[in-house]
Amino acid sequence: VPQQMEIDEAMVARWPDEKRNWTSYASLLAQPGRETDAFEANKIMYINGMLNEGPEIERVAQYYSFFEYPYRGAVILEREMNAGRVDRDQGNLNLLADMWRQSREWERAIPVLRQLAQLTGSGDDWVKLAEALYQEDQLSEAETAFQEALNRGGINRPGDTWNLLGTVRYELGRRQSAIAALQEGSRYPYARQTSNGWATFIRA
């Protein structure tokens, strides 16, 4: 491997416009301890227009997310989806939504999360949509999405979702329905303390 690395580095230096040299070099760098160098090599290839296949571009976006630059990764992925070079399938929508959420770009996450929730019908995807709507202060829409998530079922932590629904209803000024949601949340041991605390606060 060290000899191969030396040869690839020399080839990249001599023929910097040759994609397969960079691809071989980046592949060698993608090993434990040199992930950052692999990221830089893939960035160079993307910036210089060498990457035009969907999986290659997805890999670059994932690198940005992995190295805590999710905003940049999301911008690239969304742009390439709109250009038709990356498939707008469930996996890529999920990746894009996660990167917008990591970036706390709730407004940009909402349309992606809505498409994903409608595509999968998953309760957890509806929860993610509801949380983004709540962050954007779209309370009525958040309430509807939380309720849809609970109706769909299969949620990882339904007690937390009932508590979030109660919080939204309280902020909408609907105290009795908020308490009703919190009582549902209190049925789950991991959510009971939060449920009871909120319900006591609202009653007071």
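Cut-offs and rules
Residue indices follow the written sequence of each chain, beginning from 1 at its first position. Local features are withheld for residues below a pLDDT of 70 in this predicted model, meaning they are given only at 70 or higher, and side-chain atom pairs are given and counted only at 80 or more; totals for whole chains, interfaces and linings count all residues. Calculated side-chain values reflect all of the structure's heavy atoms, with hydrogen atoms and water omitted. Helix numbers and strand numbers start at the N terminus; a helix is a DSSP run of H or I with at least 4 residues, a strand a run of E with at least 2. Partly exposed residues are those whose accessible area sits between 20% and 50% of the maximum for their type, while under 20% is buried and over 50% is exposed, using a 1.4 Å probe and protein chains only. We call two residues in contact whenever any of their non-hydrogen atoms come within 4.5 Å of each other. Each axis is a line fitted through C-alpha atoms, and for a helix only the stretch in contact is used; angles between axes span 0 to 180 degrees, taken between their N-to-C directions. In these notes the angle categories are as follows: under 35 degrees is roughly parallel, over 145 is roughly antiparallel, 65 to 115 is roughly perpendicular, and the rest is oblique. Left-handed is the label given to a crossing in which the near helix is rotated counterclockwise from the far helix by less than a right angle, and right-handed is the label when the rotation is clockwise. Under the grouping applied here, Gly and all other residues not named as nonpolar or charged are polar, the nonpolar ones being Ala, Val, Leu, Ile, Met, Phe, Trp, Tyr, Cys and Pro and the charged ones Asp, Glu, Lys and Arg. The patch calculation keeps residues exceeding 30% relative accessible area without a salt bridge and links them within 9 Å when they carry like charges or within 5 Å when they are nonpolar (Val, Leu, Ile, Met, Phe, Trp, Tyr). Surface exposure here means Shrake-Rupley accessible area, sampled with a 1.4 Å probe, where a residue is shielded only by the protein chains that are shown. The term salt bridge refers to a side-chain nitrogen of Lys or Arg lying within 4 Å of a carboxyl oxygen of Asp or Glu. Positive charges come from Lys and Arg, negative ones from Asp and Glu, while His and the chain ends are left out of the count. Taken as the charge centre is NZ of Lys, CZ of Arg, CG of Asp or CD of Glu, depending on the residue. How far a helix is expected to stretch is found by multiplying one less than its residue total by 1.5 Å. The term nonpolar core refers to a set of buried residues drawn from Ala, Val, Leu, Ile, Met, Phe, Trp, Tyr and Cys, joined through side-chain atoms within 4.5 Å. The pairing test for Phe, Tyr and Trp rings, Trp by its six-membered ring, is centres within 6.5 Å, and the orientation test on the planes gives stacked under 30 degrees, edge-to-face over 60, and tilted for anything in between. Working rule: Lys NZ or Arg CZ, within 6 Å of ring centre, within 35 degrees of ring normal, means a charge sits over the ring.

*Asks:* Before we go on, may I ask you to explain the side chain of Glu-80 in this structure?
*Replies:* Summarising the element assignment, Glu-80 is placed in helix H5 (residues 70–83). Judged by its relative accessible area of 4%, Glu-80 falls in the buried class. Leaving out residues up to four positions away in the same chain, Glu-80 has contacts with Tyr-46, Ile-57, Arg-85 and Val-86.

*Asks:* So what exactly am I meant to see when it comes to the packing of helix H2 (residues 19–29) against helix H3 (residues 35–47) here?
*Replies:* Relative placement of two packed helices is described by the angle separating their axes and the distance separating the axes. Put simply, H2 and H3 touch, their axes get as near as 8 Å, and they point 160° apart. Considering the angle they form, H2 stands roughly antiparallel to H3. Seen along the crossing, H2 lies across H3 with a hand that is left-handed. Here Trp-22, Thr-23, Ala-26 and Leu-29 of H2 lie close against H3, whose contacting residues are Glu-35, Asp-37, Ala-38, Ala-41, Asn-42, Ile-44 and Met-45. Classifying every residue of the contact of H2 with H3 by side-chain character gives seven nonpolar, two polar and two charged.

*Asks:* Any chance you could explain a negative patch on the surface here in plain terms?
*Replies:* On the surface, Glu-107, Glu-136, Asp-137 and Glu-171 cluster together into a negatively charged patch. Residue position: Glu-171 is located in helix H10 (residues 158–171).

*Asks:* Help me understand the side chain of Asn-21, please; the structure alone is not making it clear to me.
*Replies:* Inspection of the secondary structure assignment puts Asn-21 in helix H2. Residue contacts for Asn-21: discarding those within four places in its chain leaves Met-11, Val-12 and Trp-15.

*Asks:* Explain helix H12 (residues 189–203) here, please?
*Replies:* With 15 residues, H12 should reach 21 Å at 1.5 Å per residue; the first-to-last C-alpha distance of 21 Å fits that figure. Of all the positions in H12, only Ala-191, Ser-195, Ala-199 and Ile-202 are classed as buried.

*Asks:* Sorry if this is basic, but what is going on with the nonpolar core here?
*Replies:* Nonpolar side chains in soluble globular proteins tend to be buried together. Grouped together as the largest cluster of nonpolar side chains are 55 residues, with contacts concentrated most on Trp-22, Leu-77, Leu-96, Trp-100 and Leu-129. Counting residues per element, this core draws most heavily on helix H7 (residues 106–120), at seven residues. Those residues in contact with Leu-129 that sit more than four places away from it in its chain are Ile-110, Leu-113, Arg-114 and Ala-145.

*Asks:* Please explain the packing of aromatic side chains as it appears in this structure.
*Replies:* For any two aromatic rings, the description comes down to two numbers: the centre-to-centre distance and the angle of the planes. Across all of its chains, the model carries 11 aromatic pairs by this definition. On the numbers, 5.0 Å between centres and 85° between planes, the contact of Phe-66 with Phe-67 is edge-to-face. Ring pairs connect the aromatic residues Phe-39, Tyr-63, Tyr-64, Phe-66 and Phe-67, which therefore count as one cluster. Positioned over the ring face of Phe-39 is Lys-43, at 4.9 Å from the centre of the ring.

*Asks:* Got a minute to help me understand the pattern of salt bridges in this structure?
*Replies:* Side chains that carry opposite charge are capable of pairing whenever their charged atoms lie near each other. Taken as a whole, this structure holds 13 salt bridges when the rule is applied. A salt bridge links Arg-152 to Glu-148, with the shortest nitrogen-to-oxygen separation between them at 2.8 Å. Residue Arg-152 and its partner Glu-148 are both found in helix H9 (residues 139–152); the two are separated by four residues, about one turn of the helix. Classification of Arg-152 as partly exposed rests on a relative accessible area of 43%. With a shortest N-O distance of 2.6 Å, Arg-187 and Glu-184 are connected by a salt bridge. By relative accessible area, which is 28% here, Glu-184 ends up partly exposed. Within this structure, Asp-98, Arg-101 and Glu-131 form a network of salt bridges that share partners.

*Asks:* What should I look at first to understand the environment of Glu-141 in this one?
*Replies:* As for its position among the elements, Glu-141 is in helix H9. Sequence separation of Glu-141 and Val-168 is 27 residues, and the distance between their C-alpha atoms is 9.9 Å.

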